[in-house]
Amino acid sequence: MDRIARGQAAVVTFVRQAIATLRCIRPAHLFRAALALFILWAIRPPHVLVVLGPPQQVVTTNPIVGVHTRLTDEVQDWKIQRTLRMVREMGSPWIVEYFPWPYVEPQEGEFTWGHSDVVVEHAENQGLTVIARLGWVPGWARPDLDEQETTLTYLDAVHYDEFADFVAAFVARYRGRVNHVIIWNEPNLSFEWGYRPVDAGGYVELLRAVYPRAHAANPDVVVLAGALAPTLEPEGSAAGLNDLAYLERMYQAGAASSFDALAIHAYGLTFPPEEPPAADAINFRRVELLREIMVANGDGDKPVYVTEAGWNDHPRWARSVRPGQRIEYTIGAYEWARQNWPWCACVAMWAFRYPAPAHSYQDYYTFVTEEFQPKVIYLEVQKYTGGDG
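Throughout this description, residue numbers start from 1 for each chain and increase along the sequence as written. This being a predicted model, a pLDDT of at least 70 is required before a residue's local features are given, and a value of 80 or more before pairs of side-chain atoms are given or counted; all residues contribute to the totals for chains, interfaces and linings. The side-chain quantities take in all heavy atoms of the structure and omit both hydrogens and water.

Asks: How do you make sense of the overall build of the protein when you look at a structure like this?
Replies: A run of H or I in DSSP becomes a helix once it reaches four residues, and a run of E becomes a strand once it reaches two; helices and strands are each numbered from the N terminus. Scanning the protein from N- to C-terminus turns up 11 helices and eight strands. Put simply, 74% of the contacts in the protein that link residues at least 6 apart link residues at least 24 apart. For the protein, the accessible area works out to roughly 18,700 Å², and carbon and sulfur atoms hold 56% of it. Note on contacts: a residue pair qualifies if any of its non-hydrogen atoms lie within 4.5 Å across the two residues. Methods summary: accessible areas were calculated by the Shrake-Rupley approach with a probe of 1.4 Å, and residue burial reflects only the protein chains presented.

What follows is the structure, given as structure tokens:
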């Protein structure tokens, strides 16, 4: 109680001092201050009016070209529009975009669709096909903080049905507009599985909960599983599990009946796109090893979507390449997939643009700066596709 009384006394003292200070200020000075504030308010930047314009179509010589757009934290509508217009003008028909569950359903049963509506509306207007990545977990669907501290990637089986509810609501809302959804991201990494030991069987149970609900909401939806991180982590590693071993375990757990296509991440690191695949190496064509596992398990009729890929041209990162190599390898990867992978629906490179700079090697994956300045790689891919920019 003494602490509360002291706090109240401090507030009273502050108010009295503020009143005394105001009494010492001349009315003319107060008027000038008010006038200055009004002028600052009057000259504030105007609200940018965003108009959709006529529907557009993507002009491209390669229909599987795609990019990961990363508009999740882009808050200004005109920047969303400009990003997606530049994607179209580059000649990319596909985008992968992240729609986090906590952003859409921050409280159970209370949906806030505003941002995702804007992204879908502008993507549709630009003639782009959206692959929606769905994941993360709101606080209300995680253990109480007093009982257990968890991260946004922690989803236990108790809440699989709630996640399936979210997926069904998303698929129903955008039926006919967004017909591809990725269920989770890189579940073969502990970081993406709530810092728990990875569990292919647990991920398959998640797919089983989601798949029928998604198809009930939209029979035409393509449910993508996997999105596995390319990694060589061995059995028992605290960091995760080799993607080849993880996919095999998914099939052993009966995953085949609970997804329509496989999402794959295919980073080239320092290797060119035509580098032959090998079980002990991470390169772009590691996709083919995952494809072999699909075929061996009777899933050869299902398509593959490369939903993350790319090269980095940071001048000092050990896993980067030179800028010229990055351009050559990126275009080479698009072309390799077009010529050699008839089962591949798209190759989406990471990442088109970030809303703000990361101030790290991550910035050297992008095609466009945060100020919408096209990098040379953007212009060269545009030449390759014959985009109409």
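Anyway, onward from the coordinates.
Asks: Can you walk me through the sheet that holds strand β6 (residues 261-267) in this structure?
Replies: Hydrogen bonds between backbone atoms are what pair the strands of a sheet, whose relative direction is either parallel or antiparallel. Whether two strands pair comes down to DSSP finding at least two bridges between them. If you trace the eight strands once around the closed barrel, you get β1-β2-β3-β4-β5-β6-β7-β8, paired in parallel fashion. Direction aside, neighbouring strands of the sheet carry axes that sit 30° apart on average. In this sheet, strand β7 (residues 304-310) lies alongside β6 in parallel orientation, the contact comprising six bridges. Residue pairing across strands places His265 opposite Glu308, the latter belonging to β7. What counts as an axis is a line fitted to C-alpha atoms, over the stretch in contact for a helix, and the angles between N-to-C directions run from 0 to 180 degrees.

Asks: Teacher, can you tell me more about the packing of helix α10 (residues 323-340) against helix α11 (residues 376-385) here?
Replies: For any two helices packed against each other, one specifies the inter-axial angle together with the distance between the axes. One can describe the packing of α10 onto α11 by two numbers: an axis separation of 9 Å at closest approach and a directional angle of 35°. Between α10 and α11 lies a crossing whose hand is right-handed. Across the interface between the two elements, Arg326, Ile327, Thr330, Ile331, Tyr334, Glu335 and Arg338 of α10 pack against Val376, Ile377, Glu380, Val381 and Tyr384 of α11. As a working rule, the residues Ala, Val, Leu, Ile, Met, Phe, Trp, Tyr, Cys and Pro are called nonpolar, Asp, Glu, Lys and Arg charged, and the rest polar, with Gly in that last group. Of the residues that constitute the contact of α10 with α11, the class distribution is seven nonpolar, one polar and four charged. If you view the pair so one helix is near and one far, a crossing is left-handed when the near helix is turned anticlockwise from the far one by less than a right angle, and right-handed when it is turned clockwise.

Asks: What am I meant to see in the nonpolar core here?
Replies: The tendency in soluble globular proteins is for nonpolar side chains to be buried as a group. Grouped together as the largest cluster of nonpolar side chains are 95 residues, with contacts concentrated most on Phe163, Ile183, Tyr203, Met250, Val347 and Phe367. In terms of residue count, the dominant contributor to this core is helix α7 (residues 200-217) (10 residues). When residues no more than four places from it in sequence are discounted, the contact partners of Ile183 are Leu134, Phe163, Val167, Tyr203, Leu206, Leu207, Val210, Val223 and Leu224. In this text, buried Ala, Val, Leu, Ile, Met, Phe, Trp, Tyr and Cys residues form a nonpolar core when linked through side-chain atoms within 4.5 Å. Here the term buried applies to any residue with accessible area under 20% of the maximum for its type, exposed to any over 50%, and partly exposed to those in between, with areas from a 1.4 Å probe on protein chains only. If you look at the next biggest cluster of nonpolar residues, it comprises 13 residues, including Val222, Ala263, Ala345 and Cys346.

Asks: Honestly, the pattern of salt bridges in this entry has me stumped. Any pointers?
Replies: Close approach of charged atoms allows side chains of opposite charge to pair. What counts as a salt bridge is simple: a side-chain nitrogen of Lys or Arg found within 4 Å of a carboxyl oxygen of Asp or Glu. Going through the model one piece at a time under the given rule, you end up with 15 salt bridges. Between Asp388 and Arg88 there is a salt bridge, with the nearest N and O atoms lying 3.2 Å from each other. Of this pair, Asp388 sits in the segment after α11 while Arg88 sits in helix α3 (residues 77-90), and the two are 300 residues apart along the sequence. Judged by its relative accessible area of 6%, Arg88 is buried. The partner of Glu205 in a salt bridge is Arg208, and the shortest N-O contact between them spans 2.4 Å. With Glu205 and Arg208 both in helix α7 and three residues apart, the pair spans about one turn of that helix.

Asks: Just to check I follow, could you spell out the packing of α3 against helix α5 (residues 114-125) for this structure?
Replies: Look at α3 against α5: their axes get within 9 Å of each other, and the N-to-C directions meet at 35°. Every pair of crossing elements has a handedness; the one defined by α3 and α5 is right-handed. Counting all contacts with α3, which are made through Asp77, Ile80, Gln81 and Leu84, the residues of α5 involved are His115, Val118, Val119, His122 and Ala123. Along the lines of polarity and charge, the residues of the contact of α3 with α5 split into five nonpolar, three polar and one charged.

Asks: It is not clear to me how α3 should be interpreted in this structure. Could you clarify?
Replies: For an α-helix, the turn length of 3.6 residues means that residues three or four places apart are oriented alike. Expected helix span is given by 1.5 Å per residue-to-residue step, counting one fewer step than there are residues. Helix length check: α3, at 14 residues, gives a terminal C-alpha distance of 20 Å against a target of 20 Å (1.5 Å per residue), a fit within 8%. Burial runs high along α3: 10 of the 14 residues are buried. Regarding α3, the residues found buried are Lys79, Ile80, Gln81, Thr83, Leu84, Met86, Val87, Arg88, Glu89 and Met90. Where the residues of α3 are buried, they touch β1 (65-68), β2 (94-100), α5 and α11. Backbone geometry just after α3 places Gly91 at a positive phi near 90°.

Asks: Is there a simple way to think about the pairing of strand β5 (residues 222-228) in this case?
Replies: Along any regular strand the residues' side chains alternate between the sheet's two faces. When you tally the buried positions in β5, you get seven out of seven residues, the bulk of the element. In this structure, strand β4 (residues 180-183) lies alongside β5, joined through three bridges in parallel fashion. Directly across from Ile182, in β5, lies its bridge partner Leu224. Examined bridge by bridge, β5 and β6 share four bridges and lie parallel to one another. Bridged to Ala225 within β6 is Leu262. Crossover handedness is defined here as right-handed if the route from the first strand over the helix to the second strand goes clockwise, with the strands pointing away from the viewer. Taken together, β5, helix α8 (residues 243-252) and β6 form a β-α-β motif whose crossover is right-handed.

Asks: It is not clear to me how the packing of aromatic side chains should be interpreted in this structure. Could you clarify?
Replies: The description of an aromatic ring pair rests on the distance of the ring centres and on the angle between the ring planes. Aromatic pairs are defined between Phe, Tyr and Trp rings, using the six-membered ring for Trp, whenever the two ring centres lie within 6.5 Å; interplanar angles under 30 degrees are classed as stacked, those over 60 as edge-to-face, and all others as tilted. Taken as a whole and assessed by the stated rule, the structure comprises 28 aromatic pairs. Here Trp113 and Phe170 contribute two aromatic rings whose centre-to-centre distance is 6.4 Å and whose plane-to-plane angle is 45°, an arrangement assigned as tilted. Placement of Trp113 in the loop between α4 (101-104) and α5 and of Phe170 in helix α6 (residues 160-173) is noted, with a sequence separation of 57 residues between them. In this pair, the class of Trp113 matches that of Phe170, namely buried.

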